[in-house]
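Residue-level structural notes
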Amino acid sequence: MSAIEVRLFLDRARDFLRGMELLEDDLAEYRNSSALLGIHAAISYGDALRVGMGNNRLSSEDHLSAAADLRSMLAARKFEKLQGADRLGRLISQKSKIAYAADTPTEYAIKQVIDQAQRFAYWAEETGKKLKIEGW
Amino acid sequence: MTLLQTQQDLGRAKNALQNYLIKKLLVPKVYLDADWDGQPVAVLAVDRAGSGDVHAVQLFPLDPGIGIGAAFVLFANPSLQPADGSVSPVEGLKSLRCHYRYIAVIGDGPTGHKFNPADYGLRQWLANDGVGRIGILYVDLSDDEPSVFVVLKAERFRSSKEIVELADEFVAKNTPNWQIPDEDRI
């Protein structure tokens, strides 16, 4: 079951990331959408890693704890590159601001989110492979 | 055209193809002039941070003033051989062990040519078992910024344990020309 769930989260993450990259080509029109898809891609990548490492109780209501949970699961496996978990936390903290805040984020801020999402995706892809997560 | 100019054109084409693969793939690692499975490959990309499918691009530069249509006629002709007697680019790609394979035709103007695969012997682009088709890209170097066009979409070749192992070993041993910056270097 875990491998199937990993695959579901992973497919979703890659889907969101592709969407982000597609919209990134026209940031004048789709800046918030692109950034939000990047954040959701990161959340889904994080979920894929957590499910793959044995967490069967993911909560869609509590994304903020996802980064801490990911970090502690990786640390328990003595995985050294934990920076990705911190990056996930920073990305998730941007989610409400981009989705709901009254002011419009600058293009620079949006590009920062996109950049961070790409780096997190890269880290997650490497990490999933290194940990030999079933379904990755 | 001098040797230097030819080298510069090939380099610009490789850069353009690298950008094409970066956009097409998800956080790939891209290598230029790679030594892959004992064969030189102009542009090689390993998808998903080096853990996914392997894409290989070989170059086919056209002589100045020769249209892409002429290149396809040549491709369709089994007697096509480079002047040095080496293996034809299509045959070379067929024996290359990787998931996606492309010929990039490099020209100095817009294609100006509607490609109809049926006119040029579509089957020669296919794997013998039909699983996989070599893709054809066209790199137009005539503009200030080179452009890459998909002429014939590539189809995925059969994967194997050997390809996965080759990729793991290659990624471990080689430094990519492009990748998303690593966490530790931020």
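Conventions used here
Residues numbered from 1 in each chain as written. Chains lettered and ligands numbered in written order. Predicted model: local features only at pLDDT ≥ 70, side-chain atom pairs only at ≥ 80, totals over all residues. Helix = DSSP H or I, 4+ residues; strand = E, 2+ residues; numbered from the N terminus. Rg over C-alpha atoms; globule rule 2.2 N^0.38 Å. Buried ≥ 20, exposed ≤ 12 C-beta atoms within 10 Å, placed from the backbone. Pairing = 2+ DSSP bridges. Axes fitted to C-alpha atoms, helices over the stretch in contact; angles between N-to-C directions. Expected span 1.5 Å × (residues − 1).

1. Observations regarding the overall build of chain A
- Along the backbone of chain A there are six helices and zero strands.
- Against the globule reference of 14 Å for 136 residues, chain A gives a C-alpha radius of gyration of 14 Å, in line with a compact fold.
- Along the first, second and third principal axes, the C-alpha atoms of chain A reach 40 × 25 × 25 Å.
- A burial count over chain A gives 46% of its 136 residues as buried.

2. Points about the sheet that holds strand β3 (residues 54-61) of chain B
All names here are of chain B.
- Taken together, the six strands give an open sheet; going across it, the order is β1-β2-β3-β4-β5-β6, and neighbouring strands pair in mixed fashion. The sheet is open, and its two borders are formed by β1 (29-36) and β6 (147-152), each paired with just one other strand. Each strand of the sheet is rotated relative to its neighbour by a mean of 30°, with strand direction disregarded.
- The pairing of strand β4 (residues 100-107) with strand β5 (residues 135-140) spans six bridges and is classified as parallel. When the sheet's bridge partners are listed, Gly 107 is paired in β5 with Asp 140.

3. Section: helix α6 (residues 107-130) of chain A
- For α6 of chain A, which comprises 24 residues, the first-to-last C-alpha distance of 34 Å matches the rise-based estimate of 34 Å (1.5 Å per residue) to within 8%.
- Trailing α6 of chain A by a residue or two, Lys 132 of chain A shows a phi angle of about 50°, which is positive.

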